[in-house]
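Read off the chains here:
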Amino acid sequence: MLGQQLETELVGVFQGTSLFIQNPYNQTQATFCISDVYVNRKRIELNYESSAIILEFENQELYTPVAIRIISKDSVCQPVILNPDAILFHTSYKFTAISLSDSSLLWYTEGERQPGVYTIEKLIDNFWVKQGTTKAMGSFESAKYNYEPELKEGGNKYRVKYEFGNGSYLYSDEIDYDYYPEPVTFGPYNVYETITLSRFTSYEIFDQDSDMVLSGSGFEIDVTTLLPGEYVIFFNGKDPGSFTKLR
C-alpha cells in the first residue's frame, strides 16, 4: 500500500531552457515516483512512466513567472530536479505584488537599480499590446507604481515588464479584472428562495454580525439555506445592497 503523497514545489522564471527531473523507480511498489506535474496550476501531459521527465514549457513566454508543483505517489519516493538553475533568475530584483481595479494598476517591487524602464502591457485578441511606459525609481529597498488603465467592459488582463537596462527583462504575474461600469442590481429585496441579478457576477452575503454566510457567482442566488433576517450583499467586493430573508 502506498504511503502519503509528497509535493515538491519550485518557483522561478522561464529563461528558454528545459527543466530536467529525475523520476525514481520504486522497486517495492513497482512504479515510478511522479504521478503529476503542474506548471502555473495546469497539469502537464508527460510520460510519467519514464526515469527522466523533461519540462519544455511549451507556449510559455520568455522571462515570465513559472510555478511548478510535482506530485509523488509516496513520501519516501522523492524526485530530483537536476538543473534548478534553469528557472532561477539570478537577481535581487523582484515584483512583490500587483493588483488591478477599475481605476488603477498597482505594482510593488524590490531591488531596482538604475537605469530601468517599466512597460505596461494589455492582452488584446490574444496578443500582448504595449499600453505605456514609466521609468524606474531606482529604489533598491522598495518601490510602488500606479498606472491608470483603459478598461473595456468585461474581462481585462494586464502585466508589467521590467527592462533592466542591459538587455535583460522580467515580467510580473498576469492580473485579471472584470470591469462593469454599471453597478449590479438585484431583486426581490424581500425574498423566500431566489435572488435574481442583473448580470453574472461574484457575490458575498453577510449577516448582521458581519459574518460571511454565503458566496459564489452566477445570475441567481439560492438563499433557502439562510435563516430569516436582514443581510448585506456585495458584488465583486463592491456595490453593496441589503435584503430580507423571509420565513
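In this text the structure is predicted, and so the values were computed from the model without any measurement.

Quick rundown of the overall build of the chain? Include the residues and the values.
Each helix and strand counted, the chain has 0 helices and 23 strands in total. A compact globule built from 247 residues would reach a C-alpha radius of gyration of about 18 Å, whereas the chain, at 24 Å, exceeds it by more than 25%. Viewed in the frame of its principal axes, the chain has a C-alpha envelope of about 60 × 60 × 35 Å. Evaluated residue by residue, the chain yields a buried proportion of 40% over its 247 residues. Once local pairs closer than 6 in sequence are excluded, the contacts in the chain between residues at least 24 apart make up 60%. Working note: accessible area of the chain is about 14,500 Å², and carbon and sulfur atoms make up 48% of it. Distance between charge centres in the chain, computed from 19 positive and 34 negative side chains, equals 4 Å.

An account of the pattern of salt bridges is needed here, citing residue identities and associated values.
Opposite charge on two side chains makes pairing possible when the charged atoms of those side chains draw close. Enumeration according to the criterion identifies 9 salt bridges in this entry. For aspartate 36, the salt bridge identified is with arginine 43, shortest N-O distance 2.5 Å. Residue aspartate 36 is classed as buried on the basis of its relative accessible area, which comes to 18%. The salt bridge partner of glutamate 45 is arginine 43, with a shortest N-O separation of 3.3 Å. Through salt bridges with shared partners, a single network forms among Asp36, Arg43 and Glu45.

Now, about a nonpolar patch on the surface: what can you tell me, with residues and values included?
Taken together, the side chains of Phe20, Ile54, Val80 and Leu82 define a hydrophobic patch exposed on the protein surface, amounting to about 330 Å² of accessible area. Inspection of the secondary structure puts valine 80 in strand S9 (residues 80-81). The exposure class assigned to valine 80 is partly exposed, which follows from its relative accessible area of 34%.

Provide a residue-level description of the pairing of strand S5 (residues 34-39), including the pertinent values.
Along a regular strand, successive side chains alternate from one face of the sheet to the other. Most of S5 is tucked away: 5 of the 6 residues are buried. Two elements, S5 and strand S6 (residues 42-43), share 2 bridges in a ladder whose sense is antiparallel. Bridge pairing in S6 places valine 39 opposite lysine 42.

Pulling in residues and values, what's your account of unusual backbone geometry?
In this structure, the amide linkage connecting glycine 187 to the following residue, proline 188, adopts the cis form with an omega of -5 degrees. If you check the backbone angles, asparagine 40 has positive phi at about 50 degrees while not being a glycine. Here asparagine 40 lies in the loop between S5 and S6.

What counts and how
Residues numbered from 1 in each chain as written. Predicted model: local features only at pLDDT ≥ 70, side-chain atom pairs only at ≥ 80, totals over all residues. Heavy atoms only, no water. Helix = DSSP H or I, 4+ residues; strand = E, 2+ residues; numbered from the N terminus. Rg over C-alpha atoms; globule rule 2.2 N^0.38 Å. Buried < 20%, exposed > 50% of the residue type's maximum accessible area, 1.4 Å probe, protein only. Contact = heavy atoms within 4.5 Å. Areas by Shrake-Rupley, 256 points an atom, 1.4 Å probe, with all protein chains shown as cover. Lys, Arg positive; Asp, Glu negative; His and termini not counted. Charge placed at Lys NZ, Arg CZ, Asp CG, Glu CD. Salt bridge = Lys/Arg side-chain N within 4 Å of Asp/Glu carboxyl O. Patch = residues over 30% accessible without salt bridge, like charges linked within 9 Å, V, L, I, M, F, W, Y side chains within 5 Å. Pairing = 2+ DSSP bridges.

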